[in-house]
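Single-letter residue listing:
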Amino acid sequence: MRQWKIIAKEAMARASIITKFLCVLHVTNSYVLSSNHVLGPSMLPTLSVTGDVVLVEHISHRLGKLGSGDLVLVRSPLDPKKSLTKRIVAMEGDKVTFSLDPSRSHSSRSLVVPKGHVWIQGDNLYVSRDSRQFGPLPYGLIEGKVFMRVWPPSSFGFFGQ
């Protein structure tokens, strides 16, 4: 019977270590740093069509340290199950001029980004679904700032302004 107590105590100790590790992993992934696989042509030439793995930090947007030109990971306002990687073009209070469909029309519209919102666009304007279709993005949908590409190895490095 004593042997079972020792085995049970050892199993509980190991389960406790595993549980603590998983909690730290969850907190780190959700609130500090995570990786994200980005696919599609909307961010060409900055990101490739075949897919890049990028690192996303989740602190800057909580501290209000984002600005125009930053790459961000955002929750899609059209489908909350999806995340999008886009570039911030304008912050709240900025005036933005845009064309709804640059391939078919040269007409443009202007608006001022409302308080608590940002204007995001893909680098490849011809195929990107972004603020030109769904309007200014609420700041609360920003999940983090993309700061580094880690895959493919030939493109490894930090994103500059």
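These figures come from a predicted structure and were not determined experimentally.

1. Quick word on the nonpolar core
Logical step 1: Among the nonpolar cores identified, the biggest contains eleven residues, and these are Leu 66, Val 72, Val 74, Leu 84, Ile 88, Met 91, Val 118, Ile 120, Phe 134, Leu 137 and Ile 142.
Logical step 2: Looking at this core, the elements that each hand over two or more residues are β3 (71-75), β4 (83-90) and β7 (117-121).
Logical step 3: Dropping the residues within four chain positions of it, Ile 120 is found in contact with Val 72, Val 74, Lys 86, Arg 87, Ile 88, Val 89, Asp 130, Ser 131, Phe 134 and Leu 137.
Logical step 4: Counting nine residues, the second largest nonpolar core, distinct from the first, contains Val 38, Met 43, Val 54 and Leu 73.

2. A look at the UniProt feature "active site" (unreviewed entry) in the protein chain
Logical step 1: According to UniProt, the "active site" (unreviewed entry) feature falls on Ser 42 and Lys 86. The greatest C-alpha distance among the residues just named is 8.1 Å, despite their covering 45 residues of sequence, which places them together in space.
Logical step 2: Residues in contact with Ser 42, not counting those within four places in the same chain, are Lys 86, Gly 122, Asp 123, Asn 124, Val 127 and Ser 128.
Logical step 3: Residue position: Lys 86 is located in strand β4.
Logical step 4: Once you skip the residues sitting within four places of it in the chain, Lys 86 turns out to touch Ser 42, Met 43, Asp 70, Leu 71, Val 72, Ile 120, Gln 121, Gly 122, Ser 128, Arg 129 and Asp 130.

3. So, the pairing of strand β2 (residues 52-57)
In the case of a regular strand, side chains alternate between the two sheet surfaces.
Logical step 1: Most of β2 is tucked away, with five of its six residues classed as buried.
Logical step 2: Inspection of the sheet shows strand β1 (residues 33-38) paired to β2 by six bridges, in the antiparallel sense. Each bridged residue has a counterpart across the sheet, and for His 37 the counterpart in β2 is Val 53.
Logical step 3: Examined bridge by bridge, β2 and strand β9 (residues 142-151) share five bridges and lie antiparallel to one another. Each bridged residue has a counterpart across the sheet, and for Glu 57 the counterpart in β9 is Lys 145.

4. Observations regarding the UniProt feature "domain: Peptidase S26" (unreviewed entry) in the protein chain
Logical step 1: In the numbering used here, UniProt assigns the "domain: Peptidase S26" (unreviewed entry) feature to residues 17-99 and 108-151.
Logical step 2: In residues 17-99, the share of helix is 18% and the share of strand is 35%. The end C-alpha atoms are 55 Å apart.
Logical step 3: As annotated, residues 108-151 has a helix share of 9% and a strand share of 48%, and its two end C-alpha atoms lie 37 Å apart.

5. Side note on unusual backbone geometry
Logical step 1: Cis rather than trans, the peptide bond between Leu 44 and Pro 45 has omega equal to 0°.
Logical step 2: In this fold, Pro 45 is placed in the loop between β1 and β2.
Logical step 3: Residue Pro 152 is bonded to the preceding Trp 151 through a cis peptide linkage, with omega at 5°.
Logical step 4: As for its position among the elements, Pro 152 is in the loop between β9 and β10 (157-158).

Rules used in this analysis
The written sequence of each chain sets the order in which its residues are numbered from 1. Two thresholds apply to this predicted model, a pLDDT of at least 70 for residue-level local features and 80 or more for giving and counting side-chain atom pairs, whereas whole-chain, interface and lining totals are computed over all residues. Side-chain descriptors were evaluated using all non-hydrogen atoms of the structure, hydrogens and water having been removed beforehand. Remark: nonpolar core denotes a set of buried residues (Ala, Val, Leu, Ile, Met, Phe, Trp, Tyr, Cys) joined through side-chain atoms within 4.5 Å. Throughout this description, buried means an accessible area under 20% of the type-specific maximum (1.4 Å probe, protein chains only), exposed means over 50%, and partly exposed covers the range between. In this description a helix means any DSSP run of H or I spanning at least four residues, a strand means any run of E spanning at least two, and both kinds are numbered starting from the N terminus. Contacts: residue pairs with any heavy atoms within 4.5 Å of one another. UniProt positions are given in the numbering used here, feature names are shortened, and annotations may be inferred rather than shown by experiment. Strands qualify as paired when DSSP identifies two bridges or more between them.

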